Amino acid sequence: MSFLDELENHQDESQPESNEKTPRQLWEGCFKYFQHFTSIIQKEKKVFPSQFNLTFLNTTNDCKICGPYEIKRTANSDELRLEVKMLSKLSQNIVIKRKDLRSAEILSHKLSKDGILSTAKLNKEGNNIVEINPNIVSLFNIILKQNHKFYIEYKNICSSTKRTILLPIEKINEAYMDELAKYILGQNPDLYTEKISSQEITKIRAKIEMDQVRVHQKELEVQAERDEQERLKEIEKANSIKEKSKKYIAVKSQEVKSKFFSKLINSLKNKNRD
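Scope of this entry: the structure provided in the associated data block. What you are looking at is a predicted structure, and each value in this text was computed from that prediction instead of being measured.

### Considering the packing of helix α2 (residues 23–43) against helix α4 (residues 174–184)
Turning to step 1, where the next piece is worked out: Where α2 meets α4, the axes come as close as 11 Å, and the angle between the chain directions of the two elements is 45°. One finds that α2 runs oblique with respect to α4. Considering the relative orientation of α2 and α4, their crossing is right-handed. Where α2 approaches α4, its residues Cys30, Tyr33, Phe34 and Phe37 are matched on the opposing element by Glu174, Met177, Asp178, Leu180, Ala181 and Ile184.

### Comments concerning the packing of aromatic side chains
Turning to step 1, where the next piece is worked out: Scanning all chains against the criterion turns up six aromatic pairs.
Turning to step 2, where the next piece is worked out: A centroid spacing of 5.0 Å and a plane angle of 75° characterise the contact between Tyr33 and Phe34, whose relative ring orientation is edge-to-face.
Turning to step 3, where the next piece is worked out: Note on Tyr33: relative accessible area 1%, which makes it buried.
Turning to step 4, where the next piece is worked out: Clustering of aromatic rings is evident, with ring pairs tying together Tyr33, Phe34, Phe37, Phe140, Tyr154 and Tyr183.
Turning to step 5, where the next piece is worked out: For the cation-ring pair, Arg73 lies above Phe31, with the distance from its terminal atom to the ring centre recorded as 4.8 Å.
Turning to step 6, where the next piece is worked out: Geometry around Tyr151 places Lys145 over its ring, the cationic atom sitting 5.4 Å from the centre.

### Remarks on the state of the cysteines
Turning to step 1, where the next piece is worked out: With the rule as written, the count across this model stands at zero disulfides.
Turning to step 2, where the next piece is worked out: No disulfide involves Cys66; its sulfur sits 8.8 Å from that of Cys63, the nearest cysteine.
Turning to step 3, where the next piece is worked out: You can call Cys66 buried: its relative accessible area is 14%.
Turning to step 4, where the next piece is worked out: Left without a disulfide partner, Cys158 is nearest to the cysteine sulfur of Cys63, which lies 7.7 Å away.

### Details of α4
Turning to step 1, where the next piece is worked out: Every buried residue belonging to α4 is among Tyr176, Met177, Leu180, Ala181, Tyr183 and Ile184, and all of these are buried. Along the axis of α4, the buried residues cluster in a sector spanning 160°; they form a single face.
Turning to step 2, where the next piece is worked out: Where α4 is buried, its residues touch α2, β2 (59–75), β3 (79–90), β7 (135–145), β8 (149–155) and β9 (162–167).
Turning to step 3, where the next piece is worked out: Backbone nitrogen of Ala175 and a side-chain oxygen of the N-cap are separated by 3.2 Å at the start of α4; the cap is Asn173.
Turning to step 4, where the next piece is worked out: Just downstream of α4, Gly186 is the residue with a positive phi angle, here 75°.

### A few points about the pattern of salt bridges
It is possible for side chains bearing opposite charge to pair when their charged atoms get close.
Turning to step 1, where the next piece is worked out: Under the counting rule described, the total for this entry stands at eleven salt bridges.
Turning to step 2, where the next piece is worked out: Of the charged contacts in the structure, one is a salt bridge between Lys99 and Glu219, with a shortest N-O distance of 3.0 Å. Of this pair, Lys99 sits in the loop between β4 (94–98) and α3 (101–113) while Glu219 sits in helix α5 (residues 193–273), placing them 120 residues apart in sequence.
Turning to step 3, where the next piece is worked out: A relative accessible area of 15% places Glu219 in the buried class.
Turning to step 4, where the next piece is worked out: Each of Arg24, Glu28 and Arg73 takes part in one network of salt bridges that share partners.

Reading the values: rules and limits
Residues numbered from 1 in each chain as written. Predicted model: local features only at pLDDT ≥ 70, side-chain atom pairs only at ≥ 80, totals over all residues. Heavy atoms only, no water. Axes fitted to C-alpha atoms, helices over the stretch in contact; angles between N-to-C directions. Helix = DSSP H or I, 4+ residues; strand = E, 2+ residues; numbered from the N terminus. Parallel < 35°, antiparallel > 145°, perpendicular 65-115°, else oblique. Left-handed = near helix turned anticlockwise from the far one by under 90°. Contact = heavy atoms within 4.5 Å. Phe/Tyr/Trp six-rings, centres within 6.5 Å; stacked < 30°, edge-to-face > 60°. Buried < 20%, exposed > 50% of the residue type's maximum accessible area, 1.4 Å probe, protein only. Lys NZ or Arg CZ within 6 Å of the ring centre and 35° of its normal. Disulfide = S-S within 2.5 Å. Arc of directions from axis to C-beta. Polar contact = N/O pair within 3.5 Å; in protein donor to acceptor, adjacent residues only side chain to side chain. Salt bridge = Lys/Arg side-chain N within 4 Å of Asp/Glu carboxyl O.

Okay, here's the thing in structure tokens:
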């Protein structure tokens, strides 16, 4: 899978002989390496046992890295990007209980933004749950920005996180590409563990806690609004009953007065006759 040797044989004639590669040449070398890498594992339909850390649950789950393995390249004025796409397939169903449907839908929406598909629903027992789709799309990128700096970007590789790491130029060689290839297939899990996992997990947990606080606050506001609406309805209902009572009393009072005066007039008439 050597990629630097091929570059040696295709030096631009306008450049002096040199062992130094330009950033663009190094990026092209990375692309050739992973193009060859994906073609092999795709052709052989390779499946790799691994583990996937669902950081928001603080759980590690058995999974399999499988195809379809795909690679593509994109470019704009600011960057060159190669992307390798694969699936991390969880070995068991993951179900998360939530206290109500709204909370389940919020979690499902957040997971969707993180590239993890899920369904918010009621289970047979009548509990609100979020069921995670076991097929998680995993993405690995090598990015050359402004023809100057290299970055590695992971999304849902080995864990439910998105990470961007500076890749020093001196590390761009075949041996290190082998390490990266093993890592994205779950065969070299310690490559970045101590450098980034604790920090990233702490950030994610803090963010989730803040999200939960916001959700709880929103739920309190919604409940307060509902209570206020109910209170206003009760007041309106009471006023309506009170108003009806006033009208009823007024009508009855008028009827009593009419009867009284009618009796009084009749009584006076009878006296006059006598």
